Amino acid sequence: MSALLASVTAAVDAWRTRDEAEAATRADFAAALRDHGQAALERSGPPTHVTASAFVFDEDAAHVLLCFHGKGRFWVQPGGHLEAGDTSVEGAALRELHEETGVPAARLDGVVVADLDHHALGGGFGRCASHLDIGVTARVSDIAVPLVVSDESDAVAWWPVAALPSDSAPGLADRLARVLAAR
């Protein structure tokens with residue numbers, strides 16, 4: 001078993017559900033890992049596969065860092081596909097965060113797995129039908145950290161959690177609420 005598969009499996013096994021919907025999501029992750037093993041972590045694997053994302057908040061969790069996703073045409077937390085060099089799900093999420101926003105892992109505190117989310121994707125995402133996304137949370141003490149816009153995004157910005165943009169990804173507000181409740 002690869003280090004990344006072990007990390008993903010541990011995150012799924014450790015995640016404690018709070019309701020039937022979360023239990024169903026956790027079951028989706030467990031089924032994908034059981035049925036596909038390492039391939040469930042690969043973009044070239046099954047159309048439903050594991051991804052990682054990062055919910056980065058300011059110190060008092062009043063603001064969250066979001067990217068305007070080029071393919072999806074919505075605001076969403078930074079994240080994406082796992083890669084061969086990733087050794088942990090947390091590391092994959094922080095790599096994606098750095099690639100998409102310029103925020104380095106060294107600026108973050110309190111990185112923990114906080115969420116499992118299974119969401120369908122539209123036709124603009126190619127062969128990917130849905131993502132089994134593992135969300136990590138982290139805090140940054142100074143939101144004045146310089147931000148960088150990647151090729152995958154049209155913009156990167158801090159948004160008030162209480163006033164998310166109207167063109168946010170479907171379900172983002174509910175997912176943020178779950179993530180903040182788990183902190």
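Residues numbered from 1 in each chain as written. Predicted model: local features only at pLDDT ≥ 70, side-chain atom pairs only at ≥ 80, totals over all residues. Heavy atoms only, no water.

### Quick word on the nonpolar core
Basically, it comes down to this: In this text, buried Ala, Val, Leu, Ile, Met, Phe, Trp, Tyr and Cys residues form a nonpolar core when linked through side-chain atoms within 4.5 Å. Exposed residues in this analysis have more than 50% of their type's maximum accessible area, buried residues have under 20%, and partly exposed residues fall in between, with area computed by a 1.4 Å probe over protein chains only. Numbering goes from the N terminus for both helices and strands, where a helix is a DSSP run of H or I of at least four residues and a strand is a run of E of at least two. The contact rule is simple, with two residues in contact once any of their heavy atoms fall within 4.5 Å.
Ranked by internal contacts, the top residues of the largest apolar core, which has 34 residues, are Val8, Leu41, Val56, Leu82, Leu97, Leu108 and Ile134. Of all the elements in the fold, those that place two or more residues in this core are α1 (3-14), α2 (20-36), β1 (48-57), β2 (63-69), α3 (89-101), β5 (108-120), β6 (130-140) and β7 (153-160). For leucine 108, the contacting residues outside a window of four places in its chain are Val56, Leu94, Leu97, Val103, Ala138, Arg139 and Val140.

### Here we look at the environment of glycine 79
Note that glycine 79 resides in strand β4 (residues 79-81). The spatial distance from the C-alpha of glycine 79 to the C-alpha of histidine 98 is 9.6 Å, given a sequence separation of 19 residues. If we ignore the near neighbours within four places in the chain, the residues touching glycine 79 are Ala52, Ser53, Glu96 and Glu100.

### Comments concerning α2
The line we're drawing: Each residue after the first adds 1.5 Å to the expected span of a helix. Here the arc refers to the directions that run from the helix axis out to each C-beta atom. Each polar contact in these results corresponds to two N or O atoms within 3.5 Å; when the atoms are within protein, one needs to be able to donate a hydrogen and the other to accept it, and residues that are neighboring in sequence are counted only if both atoms are side-chain atoms.
Spanning 17 residues, α2 covers 24 Å between terminal C-alpha atoms, matching the ideal 24 Å at 1.5 Å per step. Looking only at α2, the buried set comprises Glu22, Thr25, Phe29, Ala32 and Leu33. Down the axis of α2, the buried side of the element spans an arc of 95 degrees, and every buried residue falls inside it. Across α2 from its buried face, at more than 90 degrees, point the exposed residues Glu20, Arg34 and Asp35. Buried residues along α2 sit in contact with α1, β5, β6 and α4 (172-182). One side-chain oxygen of the residue at the start of α2 lies 3.1 Å from the amide nitrogen of alanine 21, identifying that residue as aspartate 19. A positive phi of about 55 degrees marks glycine 37, the residue just after α2.

### A few points about the packing of aromatic side chains
Put simply, the rule reads: Centres within 6.5 Å are what make two rings of Phe, Tyr or Trp a pair, Trp counting through its six-membered ring; a difference in plane orientation under 30 degrees is then read as stacked, over 60 as edge-to-face, and the rest as tilted.
Across all of its chains, the model carries two aromatic pairs by this definition. Relative to tryptophan 75, the ring of phenylalanine 68 has its centre 5.5 Å away and its plane inclined at 70 degrees; by these criteria the two rings are edge-to-face. Comparing phenylalanine 68 with tryptophan 75, the two get one shared label, buried. Ring centres 5.2 Å apart and planes at 70 degrees place the aromatic pair tryptophan 75 and tryptophan 159 in the edge-to-face group. Of this pair, tryptophan 75 sits in strand β3 (residues 74-76) while tryptophan 159 sits in strand β7, placing them 84 residues apart in sequence. What makes tryptophan 75 buried here is its relative accessible area of 10%. Ring pairing ties together the aromatic residues Phe68, Trp75 and Trp159, which thus form one cluster.

### Re the pattern of salt bridges
Put simply, the rule is: Only one rule defines a salt bridge in this text: a Lys or Arg side-chain nitrogen within 4 Å of an Asp or Glu carboxyl oxygen.
If you walk through the whole model with that rule in mind, you get 13 salt bridges. Between arginine 175 and aspartate 115 there is a salt bridge, and its shortest N-O distance comes to 2.3 Å. Remark: aspartate 115 occurs in strand β5 and arginine 175 occurs in helix α4; sequence separation between them is 60 residues. We classify arginine 175 as buried; its relative accessible area is 4%. By relative accessible area, which is 0% here, aspartate 115 ends up buried.

### Some points on α3
Compared with the 18 Å implied by 1.5 Å per residue over 13 residues, the 18 Å span of α3 between its first and last C-alpha is a close match. All buried positions along α3 are accounted for by Val89, Ala92, Ala93, Leu94, Arg95, Glu96, Leu97, Glu100 and Thr101.

### Let's talk about unusual backbone geometry
Phi at alanine 61 is positive, roughly 60 degrees, even though this residue is not glycine. Its location among the elements puts alanine 61 in the loop between β1 and β2. Judged by relative accessible area, alanine 61 falls into the buried class, the value being 17%.

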